[in-house]
Every structure is written in C-alpha cells, then in structure tokens.
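Structural description and commentary
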Amino acid sequence: MTVDRILPTDEAHDLLDLATELADRELAPKAAGFEERGEFPREVLRTLGRAGLLGLPYPEEYGGAAQPYEVYLQVLEILASRWLAVAEAVSVHTLSCHPVAAFGSDEQRKLLPDMLGGELLGAYCLSEPQGGSDAAALSTRAVRDGDTYVVSGTKAWITHARVADFYNIFCRTGEPGPKGISCLLADSGTAGILPQAAERTMGLRSSPVAQIAFDSARVPAERLIGGEGTGFTIAMSALDSGRLGIAACAVGLAQAALDYAVSYARERQQFGRSIIDFQGLGFLLADAATQIAAARALTLAAARLRDAGRPYSIEAAKAKLFATDMAMRVTTDAVQVLGGAGYVSDHPVERYMREAKVLQIVEGTNQIQRLVISRALARG
C-alpha cells in the first residue's frame, strides 16, 4: 500500500525515495534468508551508511544529513516494512551515536563521520541481568586508575554484541542511584570486553543479542563522555529518541503485515468470493489500517515536538506504547487472515508476528511506558 506522506522539503521526498529504492533492492530480497540463517547483514548497514541513511538526524558538520526527526522516522518505517532487523539496527546505531554527538568532547566527535557513515557500528550497553527496567540501579562499575577506567560487570540484552565496533558503557563511578552513573565510549577490541554467546531469540534472528562481560577492561579516561555522574542523563535523553525509533519500526512492520494480508485476502477464494468481501474479515483489516494510521500520526506528532525543541518525553512514551501494542495486534490478525497458511514460514506473516513481540519490550517495556505516562498525569 502506498502511504500518502506530507514532507517538509523536496530533499525529504528524495530521501524517502532513496530509502524505498534501497529497501526494495537490498533488504526485501535478503530478509528471509538472513533470518533463517541467523546471519547479521553487516554489509547492508554499510550500504545504508554510505547512502547517508545512518546519520539523518545529526548535523552536517559531523557527517550527518541534518534532517528533522520526522523525516528520519519515516525512513525507518520504510526500512522496517521490508526487514525489521535492519531497521532496528539503524535505530540502535542512531541511539549509540547520540552520547558522542550530544555530550562528547571535540576530540570524541572526530569519530562521528565514521560512525554516521556506517564504517563503525555501535551498541548501547545499559541493561543488566538483574536490572533491565531499573536502569538507575545498575551495578557495572568503573574505577579510575591513572589515565584509564577499569570496568567490571555484566551487561545484558545488548543488540550488536559481537559485531559492534564501539560500545557505550553505562557504569557506576560514584554513589548509588542515578547521580553515580557515567558513560564510557569503548572500542570493541578492548581487552577484557567479552561478548558472550548470542541469545536464541524468538524473532529478529539476524540481529545478534548477547550479554557482555567486562573483566577489568581498561578504557582510556579521555573516553569518558560528558563528565562523571552525567551518564544517567545521557542514557535517558537518548532513550526518548530511541522510543520514537521503535515506534516507527512498529508502524513499518504492521504496514507490511497489513499489505500482505490484504493481498492474500483479495486473492483467496471461499464460497465463490474473495475472503476480503466477508464482513468479519474486511472489518478486521479496516481496523488494522486505522490503527496503523493512528500510530503513525502519534509517532510523527511526537517527532515534530522534538524537532521544535519542545518537551516530548511523554509523547514519545505514548507513541512507543500505542505503536508497539498495535503492531502486535495487527501482525497477529494478519496470521489469522491467512489461517493455516499464516502459521507456516512459507508466508512472512508468522515472522512478522514473532518480531512484533520484541518491540513491546525494547527501549523500555510497555509497562514502563504506562508508568511514565501515569506519573505525568499524577503530576498534573
């Protein structure tokens, strides 16, 4: 289905055309095979980076494209509609560039052209085995020793573990609670950084996720981002943007599921009619189309607040919550439309349904989003 988009500039239209062309040529034909093999598409990410699609929201002086977040999210949606794992990789990488771009020193920012150009792939090491949602209670510790920090601890659920070129490590350098957290930028080849075996995930099998152990890993003190004690602020500011990225991914995935289900329902004949003509099924698809449009509008409205420099944290939480719950419903309904055919891997809707689930969990579970929103309501 063609989505009618209103974009701010001709350049934005050209970017979406480029994203569509690359997604159709480089993503769609490869997705099923890479997912089946559990193989990470590193070269696809390099291709997107060289095309300028990994640095869209960042300033031109750092090698970015200086595009509004509204435009970046629509590119992400297009990528997700062809291959969610790649779109999620772009979202995670964009998140991983944020600490250096927003809080880094001039020397650290010299790395940004290679980051935004796709030559250096990033990972975001925040969650821990015992503290996923409670980020302020993290226990990975970094102790200053001369001109290095010695890092010890374990991070969990790290996207791009084993394939990333750099890691943002959120670690404790001071007192308990958020004020004792700092952020270090470490090269993946640093001695003592030990990615563990990849998790066997329900979906996104081409995206490597694993724990990372830090065994007295020494990170140069010059790689401290933003000063000691600023790590929690850095993490939360990045996650607001990351939640919008996941919302856009959810919209793209749901759109792909709807498009496939509609095409199947038009062709599938029962009782002498296309099954889309039966009201029970037609109304189900109508609801899905409406929910997707609503999620897209909510996500882009939050992005416009961000682009205008206005507070958008609560709107980002709403968008992430609504869009990912919507994607779970729509992909489940797409399987139902296909019936038995939807339950086998001959059709992509069974993969879409498996993939949708993780979107309700990453970048803050949807229970956490409800907590954020309800607390804002309580504050008035």
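Residues numbered from 1 in each chain as written. Predicted model: local features only at pLDDT ≥ 70, side-chain atom pairs only at ≥ 80, totals over all residues. Heavy atoms only, no water.

As annotated in an unreviewed UniProt entry, the protein is Acyl-CoA dehydrogenase from Micromonospora orduensis. Of the protein, the UniProt comment under Cofactor (unreviewed entry) reads exactly: "FAD". UniProt lists a comment for the protein under the heading Sequence similarities (unreviewed entry), and it reads "Belongs to the acyl-CoA dehydrogenase family." (UniProt positions renumbered as here; feature names shortened; annotations may be inferred.)

1. As for the packing of helix H3 (residues 42-50) against helix H5 (residues 84-103)
In the contact formed by H3 and H5, the axes pass within 11 Å of each other and the chain directions differ by 60 degrees. Relative to H5, the element H3 lies oblique. The interaxial crossing formed by H3 with H5 has right-handed handedness. Residues Val44, Leu45 and Leu48 of H3 form the contact with H5, whose participating residues are Val86, Ala89 and Val90. Considering only residue class, the contact of H3 with H5 consists of six nonpolar, no polar and no charged. (Axes fitted to C-alpha atoms, helices over the stretch in contact; angles between N-to-C directions. Helix = DSSP H or I, 4+ residues; strand = E, 2+ residues; numbered from the N terminus. Parallel < 35°, antiparallel > 145°, perpendicular 65-115°, else oblique. Left-handed = near helix turned anticlockwise from the far one by under 90°. Contact = heavy atoms within 4.5 Å. Nonpolar A, V, L, I, M, F, W, Y, C, P; charged D, E, K, R; others polar.)

2. Observations concerning the UniProt feature "domain: Acyl-CoA dehydrogenase/oxidase C-terminal" (unreviewed entry) in the protein
Residues annotated by UniProt as "domain: Acyl-CoA dehydrogenase/oxidase C-terminal" (unreviewed entry) correspond here to residues 229-377. Structurally, residues 229-377 comprises 77% helix and 3% strand, and the distance from its first C-alpha atom to its last is 29 Å.

3. Concerning a negative patch on the surface
There is a patch of like negative charges on the surface, built from Asp10, Glu11, Asp14, Asp17 and Glu60. Mapping aspartate 10 onto the fold places it in helix H1 (residues 10-27). Aspartate 10 sits in the exposed class, given a relative accessible area of 63%. (Patch = residues over 30% accessible without salt bridge, like charges linked within 9 Å, V, L, I, M, F, W, Y side chains within 5 Å. Areas by Shrake-Rupley, 256 points an atom, 1.4 Å probe, with all protein chains shown as cover. Salt bridge = Lys/Arg side-chain N within 4 Å of Asp/Glu carboxyl O. Lys, Arg positive; Asp, Glu negative; His and termini not counted. Charge placed at Lys NZ, Arg CZ, Asp CG, Glu CD. Buried < 20%, exposed > 50% of the residue type's maximum accessible area, 1.4 Å probe, protein only.)

4. Some words on the layout of surface pockets
Looking at the largest pocket, its volume works out to about 1200 Å³. The wall of the largest pocket is formed by 45 residues, among which Ser127, Ile361, Val362, Glu363 and Gly364 lie closest to the centre. Every element with two or more residues in the lining of the largest pocket is listed here: H5, strand S3 (148-159), helix H7 (231-267), helix H9 (313-338), helix H10 (349-359) and helix H11 (366-379). Examining the composition of the lining of the largest pocket, we find that six residues originate from one element, H7, more than from any other. Split by residue class, the lining of the largest pocket holds 23 nonpolar, ten polar and twelve charged. (1 Å grid on protein atoms, 1.4 Å probe; cavity = no way out; pocket = protein on both sides within 12 Å on 5 of 7 lines; lining within 4 Å. Points joined across faces, edges and corners; volume = space filled by probe spheres on them.)

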